[in-house]
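# Observations on chain architecture
Each chain is listed here by its residues.
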Amino acid sequence: MDNNTTVKDLKMRVFDFCEERHWNKSHNPKDLSIGISTEANELLDLFRFKSNDQMKEMMKDEKRRERIGEELADTLIFSLRFAEMYSFDIDEIIRDKMIKNAVKYPKPEK
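Being a predicted model, the structure only gives us computed values, none of them experimental.

### Focus on a nonpolar patch on the surface
On the surface, Tyr 86, Phe 88, Ile 93, Ile 94 and Met 98 cluster together into a nonpolar patch covering about 450 Å² of accessible area. Position of Met 98 among the secondary structure elements: in helix α5 (residues 90-104).

Put into structure tokens, the structure is as follows:
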């Protein structure tokens with residue numbers, strides 16, 4: 001569960017899985033980036049040409065949610081692997097980016 005699992009736990013789970021398969025040789029920055037993009041596009045493809053109502057229905061359908069979750073997981077797995085292999089601290093890079101985003105996208109005035 002999200003409340004009980006740390007980012008480090010997730011990174012290590014992905015690390016162990018990849019290590020058991022000897023995937024280090026193919027997990028360079030370029031190929032991991034391609035993997036992130038490919039999986040994100042597979043997620044996007046599930047929603048192509050769908051109306052808002054159709055997407056709402058997709059999110060209620062158990063089989064479609066499972067498929068969506070699989071593509072979301074693949075995207076996150078590649079991202080975690082990249083972060084683990086190249087020593088990116090997920091908490092740190094998200095905090096830094098959110099600070100930059102707050103400047104770029106300030107809160108609307110009331």
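Text resumes after the structure shown.
### Describing the packing of aromatic side chains
Applying the stated rule across the entire model yields three aromatic pairs. Plain terms: the ring middles of Phe 17 and Trp 23 are 5.6 Å apart, the flat faces sit at 70° to each other, and that makes the pair edge-to-face. Judged by relative accessible area, Phe 17 falls into the partly exposed class, the value being 39%. Residue classification places Trp 23 among the partly exposed positions, given a relative accessible area of 34%. Ring centres of Phe 82 and Tyr 86 lie 5.5 Å apart, and the angle between their planes is 55°; on these two criteria the pair is classed as tilted. We classify Tyr 86 as partly exposed; its relative accessible area is 31%. Taken together, Phe 82, Tyr 86 and Phe 88 form an aromatic cluster joined through their ring pairs. Positioned above the aromatic ring of Phe 17 is the side chain of Arg 21, whose terminal nitrogen or guanidinium carbon lies 3.5 Å from the ring centre.

### Brief notes about the side chain of Thr 75
Its place among the elements puts Thr 75 in helix α4 (residues 62-85). For Thr 75, the residues in contact, after removing those within four places along its chain, are Ile 36, Glu 39 and Ala 40.

### Quick word on the side chain of Arg 81
With respect to the secondary-structure elements, Arg 81 resides in helix α4. Among the residues examined, Arg 81 registers a relative accessible area of 1% and is labelled buried. At 2.8 Å, the side chain of Arg 81 forms a polar contact with the side chain of His 27. Once residues within four sequence positions are removed from consideration, Arg 81 is found in contact with Val 14, Phe 15, Cys 18, Glu 19, Trp 23, Asn 24, His 27 and Leu 32.

### Looking at the layout of surface pockets
Here the largest pocket defines a volume of roughly 470 Å³. For the lining of the largest pocket, the secondary structure elements donating two or more residues are α1 (7-20), α4 and α5. Tallying contributions element by element places α4 first for the lining of the largest pocket, with seven residues. Split into classes, the residues belonging to the lining of the largest pocket amount to 11 nonpolar, three polar and two charged.

### Things to note about the packing of α1 against α4
In the contact formed by α1 and α4, the axes pass within 9 Å of each other and the chain directions differ by 90°. Here α1 lies roughly perpendicular to α4, going by the angle between them. Within the contact between the two elements, α1 uses Val 7, Leu 10, Lys 11, Val 14, Phe 15, Cys 18 and Glu 19 and α4 uses Ile 77, Leu 80, Arg 81, Ala 83 and Glu 84. Here the contact of α1 with α4 is built from residues that sort into eight nonpolar, no polar and four charged.

The rules behind the values
Residues numbered from 1 in each chain as written. Predicted model: local features only at pLDDT ≥ 70, side-chain atom pairs only at ≥ 80, totals over all residues. Heavy atoms only, no water. Patch = residues over 30% accessible without salt bridge, like charges linked within 9 Å, V, L, I, M, F, W, Y side chains within 5 Å. Areas by Shrake-Rupley, 256 points an atom, 1.4 Å probe, with all protein chains shown as cover. Salt bridge = Lys/Arg side-chain N within 4 Å of Asp/Glu carboxyl O. Helix = DSSP H or I, 4+ residues; strand = E, 2+ residues; numbered from the N terminus. Phe/Tyr/Trp six-rings, centres within 6.5 Å; stacked < 30°, edge-to-face > 60°. Buried < 20%, exposed > 50% of the residue type's maximum accessible area, 1.4 Å probe, protein only. Lys NZ or Arg CZ within 6 Å of the ring centre and 35° of its normal. Contact = heavy atoms within 4.5 Å. Polar contact = N/O pair within 3.5 Å; in protein donor to acceptor, adjacent residues only side chain to side chain. 1 Å grid on protein atoms, 1.4 Å probe; cavity = no way out; pocket = protein on both sides within 12 Å on 5 of 7 lines; lining within 4 Å. Points joined across faces, edges and corners; volume = space filled by probe spheres on them. Nonpolar A, V, L, I, M, F, W, Y, C, P; charged D, E, K, R; others polar. Axes fitted to C-alpha atoms, helices over the stretch in contact; angles between N-to-C directions. Parallel < 35°, antiparallel > 145°, perpendicular 65-115°, else oblique.

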